[in-house]
Amino acid sequence: MHKVLRELDVDLGERSYPIIIGQGLLGSFDLTPWVAGNQVMIVTNETVAPLYLEKARACFPGKTVDVVTLPDGEKYKDWQTLNLIFDGLLENRHTRKTTIAALGGGVVGDMAGFAAACYQRGVPFIQIPTTLLSQVDSSVGGKTGINHPLGKNMVGAFHQPQAVLIDTDSLATLPPREVSAGLAEVIKYGLIREEPFLGWLEQHIDELVRLEPAALGEAIYRSCLCKAEVVALDEKEGGLRAILNLGHTFGHAIETYAGYGNWLHGEAVGTGMLMAADLSVREGNITPADRDRAAELIRRARLPELAPEGMTEDDFMSLMAVDKKNVDGKLRLVLMKALGYAYVTDEAAPGNIQATLNAFIR
Ligand SMILES: NC(=O)c1ccc[n+]([C@@H]2O[C@H](COP(=O)([O-])OP(=O)(O)OC[C@H]3O[C@@H](n4cnc5c(N)ncnc54)[C@H](O)[C@@H]3O)[C@@H](O)[C@H]2O)c1
Ligand SMILES: O=C(O)C(=O)C[C@@H](O)[C@H](O)[C@H](O)COP(=O)(O)O
Ligand SMILES: [Zn+2]
């Protein structure tokens, strides 16, 4: 039998939805209350399908369930692979009443969500995230999309799910490197808005690296709570929501430079947050001791601490120039005023940016 540990809502008026966190949910939790019609299309990938597809099917009793299985990897988060979802929907005659269910990590979630935003001008979808990163971040908030060779997540839509089902048991099969990648986004919440959570993480980060269930449940709940609050306040990133991008301006540049896949998203964000902390010191906002506190957590989460081999200051500057936060050609960065308090600025001194880049390139 399953156990629901925590439940919270993303409060978006009539588009509000629940995040259900528990153990043993895959295989027995009934998701049909969030399915309007009779058809469900599960979108998953070749790694996750053998592990969890049959259990996910069981969450839709009485519905006609079809499946699209995508190739696995960030490098497939593109137009060609997205089209496989539309092929599957059309070949199986899915109508406007279908519900798409994303079963997998953030790549599957972002693509299935984008397909749901586009198919027949928009159909509902459900998130069933199976990586730590997707459970604490990508399944919540409705950002969906794909990459472009020239920039990360450059094509997409805001499309909120009907529900998010988080079965923490699925993390038992996750490779350690993916656990670390997820921890980067967990640490992010402490750095941007939750100083007490940062203190909690300092106490429990080793348990999280070891995937200890009690610590994991708490970290996932507190992360989802933080993200849900920010999204409810600013769904489409008119302002506040951009703080969820801490470390991502540098991180997305790293991912694009590395060709999507050699560096995991969470790894790039981990290094990117160190760079943002370093720049926050140079801007006179946080102390070197604050920066070192952040760096110690990143190190204990076993994340990389320097930019990829060979990546230059010019590589960073040209890749960051296409960041979606930029306005009127000005680079906008998320920095910290204090630990637990992030802000967005286009006024960082060019000399400080240059010094930070040079401190992290090899
Ligand atoms: N939409 C958002 O708000 C948002 C937020 C953060 C990240 N993202 C996006 O999410 C993506 C990263 O997501 P990710 O870190 O989950 O990567 P991922 O989706 O590539 O999954 C990581 C790896 O783990 C495998 N996997 C998934 N679940 C597993 C399980 N339970 N056991 C074993 N293996 C499993 C996957 O097949 C893959 O190989 C990036 O594309 C990033 O841009 C989006
Ligand atoms: O939900 C958000 O908002 C985020 O920024 C969360 C990020 O962790 C995530 O990587 C997101 O996909 C980045 O979005 P982008 O708009 O910078 O592409
Ligand atoms: Zn991210």
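The rules behind these values
Residues numbered from 1 in each chain as written. Chains lettered and ligands numbered in written order. Predicted model: local features only at pLDDT ≥ 70, side-chain atom pairs only at ≥ 80, totals over all residues. Domains from an automatic or database assignment. Contact = placed C-beta atoms within 7 Å. Helix = DSSP H or I, 4+ residues; strand = E, 2+ residues; numbered from the N terminus. Nonpolar A, V, L, I, M, F, W, Y, C, P; charged D, E, K, R; others polar. Buried ≥ 20, exposed ≤ 12 C-beta atoms within 10 Å, placed from the backbone. Arc of directions from axis to C-beta. UniProt positions renumbered as here; feature names shortened; annotations may be inferred.

Considering the domain arrangement of the protein chain
- Under the domain assignment used here, the protein chain contains domain 1 (3–172) and domain 2 (176–360).
- A C-alpha centroid distance of 25 Å is found between domain 1 and domain 2.
- Taken together, the contact pairs 29 residues of domain 1 with 30 residues of domain 2.
- Elements represented by at least two residues in the side of domain 1 that touches domain 2 include exactly strand E1 (3–10), strand E2 (17–23), helix H4 (132–138) and strand E8 (151–158).
- Among the elements that take part in the side of domain 1 that touches domain 2, H4 stands out by supplying 5 residues, more than any other.
- Along the lines of polarity and charge, the residues of the side of domain 1 that touches domain 2 split into 15 nonpolar, 8 polar and 6 charged.

Brief notes about helix H11 (residues 313–320)
- Along H11, the positions that sit buried rather than exposed are Phe-316, Leu-319 and Met-320. Around the axis of H11, the buried residues are gathered within 95° of arc, so they sit on the same side.
- Contacts made by the buried residues of H11 are with helix H8 (248–257) and helix H12 (350–360).

Concerning the UniProt feature "domain: 3-dehydroquinate synthase C-terminal" (unreviewed entry) in the protein chain
- Feature annotation in UniProt assigns "domain: 3-dehydroquinate synthase C-terminal" (unreviewed entry) to the following positions: residues 182–326.
- Between the end C-alpha atoms of residues 182–326 there is a gap of 26 Å, over a span that is 67% helix and 0% strand.

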